[in-house]
Amino acid sequence: MADTNLMSIPGQVDPVPVARDITPRADGRIDLLGLPRERIRDLFAEAGLDEKQAKLRAKQVFHWLYHRGVTDFDAMTDIAKTMRPWLAERFVIGRPDVVEAQHSTDGTRKWLLKTDDGHEFEMVFIPDADRGTLCVSSQVGCTLNCRFCHTGTMRLVRNLTPGEIVGQVMLARDALGEWPKGAMDDLGEESESAYTSDGRLLTNIVMMGMGEPLYNFDNVRDALRIVMDGDGLALSKRRITLSTSGVVPMMARCGEEIGVNLAVSLHAVTKDVRDEIVPINKKYGIEELLQACADYPGASNARRITFEYVMLKDKNDSDEDARELVRLLRQYDLPAKVNLIPFNPWGGAPYECSTPERIKWFSNIVFEGGISAPVRTPRGRDIDAACGQLKTTAEKKSRAQRDREAAEKAQTVEA
Ligand code: SAH
Ligand code: SF4
């Protein structure tokens with residue numbers, strides 16, 4: 001599917017390695033996962049189909065691929081039997097490799113996944129009574145180094161391709177057994193009525209896994225377009241939320257070209273504190289960020305912007321901080337809600353979580369200021385699946401390995 005190439009992303013700030021969208025497999029076949037209809041059509045035409053055939057087959061394959069979750073061309077029953085081997089010789093439909101799947105005592109599930117070129121990343125599924133939310137990664141690691149976030153400590157960073165992003169949603173549907181079933185042999189009326197789109201466990205998507213989605217804008221946009229396509233995964237944009245740490249120059253395009261709900265990792269209300277805990281603040285300050293939120297296309301009282309605020313003891317959790325938060329959100333007249341996230345600890349983290357009483361009190365002040373400020377219940381902490389805990393096992397192992405090596409070296413020196 002992908003192969004790491006170092007290149008800078010035009011017009012963007014910190015360049016990170018990106019993968020080519022198509023890298024043929026060793027046997028020469030091309031993976032269609034993550035490609036849009038038009039790209040599939042072009043590939044079919046390049047492989048020898050005439051224009052009309054290429055368009056029709058691309059439409060059919062797109063449907064089977066994304067709407068029905070089929071990975072085998074032989075199962076595409078409305079495509080002529082003779083045509084299916086022709087497709088299978090030239091193309092494949094892949095999935096990210098699953099390295100490990102974990103289940104939390106609270107029902108949260110986490111998968112450690114691997115790209116074709118060996119980079120590991122994670123996705124998390126959080127079931128609730130009335131919804132099921134998939135937390136999707138946009139990068140392997142993250143360049144932004146927020147001080148309270150474990151992902152930000154990963155050394156290796158690479159953008160995920162549209163296939164690797166959309167592949168997470170497909171894998172989740174595979175694991176939850178959620179693809180629509182039923183006959184659809186000739187797309188005729190009779191078989192269409194036998195086709196059932198099952199009740200959904202996966203109802204919502206949040207781009208809140210590893211990485212900064214607006215540093216991988218094109219791939220995230222292309223993947224989410226497939227997720228939102230009525231003939232693709234068919235999830236409404238109202239059920240998708242993209243979280244950014246505040247990449248101001250990309251926010252308008254996010255609203256215009258993707259149109260999903262926006263969440264902003266604010267976390268602090270003064271320059272000093274935000275500079276320390278969310279370093280991108282040195283580039284795009286709080287005022288600029290809140291102005292970009294006020295200008296966000298599609299935001300309204302019915303579709304409010306979520307401001308995420310991680311509760312760090314004695315750092316950003318005072319009464320004054322809460323009052324300043326209300327003042328700022330009001331000053332910019334933002335259709336806002338605040339999500340208070342108790343800090344999720346990880347080994348070596350430089351902060352502690354605020355006390356439950358402090359969090360409650362902070363929440364009350366914001367509520368009294370007229371802004372909803374629920375406290376988010378941490379999920380999946382026992383399997384390191386909670387916000388900011390994502391960091392791949394491979395990295396953890398290599399760190400442990402390094403520590404062991406360092407200890408051995410020290411011993412040798414001592415001896
Ligand atoms: N990079 C994006 C999206 C991924 S992080 C962003 O920063 O918005 C998803 C959310 O988890 C962000 O609000 C992030 O700040 C928060 N988070 C990171 N580390 C955390 C931790 N240790 N405890 C609680 N929340 C954390
Ligand atoms: Fe990156 Fe978000 Fe973690 Fe900051 S909080 S380091 S932007 S993943």
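See the structure shown above.
All values reported here derive from a predicted model rather than from experimental measurement.

Quick notes on the rules
Residues numbered from 1 in each chain as written. Chains lettered and ligands numbered in written order. Predicted model: local features only at pLDDT ≥ 70, side-chain atom pairs only at ≥ 80, totals over all residues. Heavy atoms only, no water. Phe/Tyr/Trp six-rings, centres within 6.5 Å; stacked < 30°, edge-to-face > 60°. Helix = DSSP H or I, 4+ residues; strand = E, 2+ residues; numbered from the N terminus. Buried < 20%, exposed > 50% of the residue type's maximum accessible area, 1.4 Å probe, protein only. Lys NZ or Arg CZ within 6 Å of the ring centre and 35° of its normal. Near = heavy atom within 4 Å. Polar contact = N/O pair within 3.5 Å; in protein donor to acceptor, adjacent residues only side chain to side chain. Areas by Shrake-Rupley, 256 points an atom, 1.4 Å probe, with all protein chains shown as cover. Nonpolar A, V, L, I, M, F, W, Y, C, P; charged D, E, K, R; others polar. Pairing = 2+ DSSP bridges. Axes fitted to C-alpha atoms, helices over the stretch in contact; angles between N-to-C directions. Contact = heavy atoms within 4.5 Å. Arc of directions from axis to C-beta.

1. What to know about the packing of aromatic side chains
Line of reasoning, step 1. Evaluation of the coordinates by the stated rule reveals three aromatic pairs.
Line of reasoning, step 2. Taken together, a centroid distance of 4.8 Å and an interplanar angle of 65 degrees make the contact between F62 and Y66 edge-to-face. You can see F62 and its partner Y66 sitting in helix α2 (residues 51–67), four residues apart, about one turn around the helix. Both residues of the pair, F62 and Y66, count as buried.
Line of reasoning, step 3. For the cation-ring pair, R37 lies above F62, with the distance from its terminal atom to the ring centre recorded as 4.1 Å.
Line of reasoning, step 4. Seen from the ring of W179, R173 lies directly overhead, with NZ or CZ sitting 5.6 Å from the centre.

2. Brief notes about the site of ligand 1
Line of reasoning, step 1. The local shell around ligand 1 holds 20 residues, among which F148, S243, S265, H267 and N344 are the closest.
Line of reasoning, step 2. Taking H267, its side chain carries an N or O atom lying 2.6 Å from an oxygen atom of ligand 1.
Line of reasoning, step 3. For ligand 1, whose unbound accessible area comes to 530 Å², protein coverage reaches 96%.
Line of reasoning, step 4. Of all the secondary structure elements, the ones that give two or more residues to the shell around ligand 1 are β12 (240–244), β14 (305–311) and β15 (336–342).
Line of reasoning, step 5. When grouped by side-chain class, the residues that make up the shell around ligand 1 number nine nonpolar, nine polar and two charged.

3. Regarding the sheet that holds strand β7 (residues 120–127)
Line of reasoning, step 1. Spatial ordering of the open sheet is given by β5-β6-β7-β8-β11-β12-β13-β14-β15, a layout of nine strands whose pairing is mixed. Strands with a single pairing partner mark the edges of an open sheet, and in this sheet they are β5 (97–103) and β15. Each adjacent strand pair in this sheet contributes to an overall mean axis angle of 20 degrees, direction not counted.
Line of reasoning, step 2. Bridging between strand β6 (residues 109–114) and β7 involves six bridges; their strand directions are antiparallel. Counterpart to K110 in the pairing with β7 is V124.
Line of reasoning, step 3. Sitting on the sheet, helix α4 (residues 162–176) touches β5, β6, β7, β8 (132–135) and β11 (204–207), and the angle it makes with β7 is about 45 degrees.

4. With respect to the side chain of T133
Line of reasoning, step 1. Relative to the assigned elements, T133 resides in strand β8.
Line of reasoning, step 2. Of the residues examined, T133 reaches a relative accessible area of 9% and is grouped as buried.
Line of reasoning, step 3. Discounting residues that sit within four places of it in the chain, T133 has contacts with V124, F125, I126, N204 and V206.

5. Details of the environment of T392
Line of reasoning, step 1. On the secondary structure map, T392 appears in the loop between α11 (356–368) and α12 (393–414).
Line of reasoning, step 2. When the C-alpha positions of T392 and T151 are compared, they lie 8.4 Å apart, and in sequence the two are 241 residues distant.
Line of reasoning, step 3. Those residues in contact with T392 that lie beyond four places of it in its chain are L112, E120, F121, E122, M154 and M210.

6. Quick notes on unusual backbone geometry
Line of reasoning, step 1. Residue N145 is not a glycine yet carries a positive backbone phi of 55 degrees.
Line of reasoning, step 2. Secondary-structure assignment places N145 in the loop between β9 (139–140) and β10 (158–159).
Line of reasoning, step 3. For H267, which is not glycine, the phi dihedral falls at a positive 65 degrees.
Line of reasoning, step 4. Mapped onto the elements, H267 comes out in the loop between β13 (261–265) and α8 (271–277).

7. Quick word on helix α9 (residues 286–294)
Three- or four-residue spacings in an α-helix give side chains the same orientation, since the helix completes a turn every 3.6 residues.
Line of reasoning, step 1. Inspection of α9 places I286, L289, L290, A292 and C293 among the buried residues, and these make up the whole buried set. The buried residues of α9 occupy an angular sector of 155 degrees when the element is viewed end-on, so they sit on one face.
Line of reasoning, step 2. Where α9 is buried, its residues contact α7 (248–258), β13, α8, β14 and α10 (319–331).

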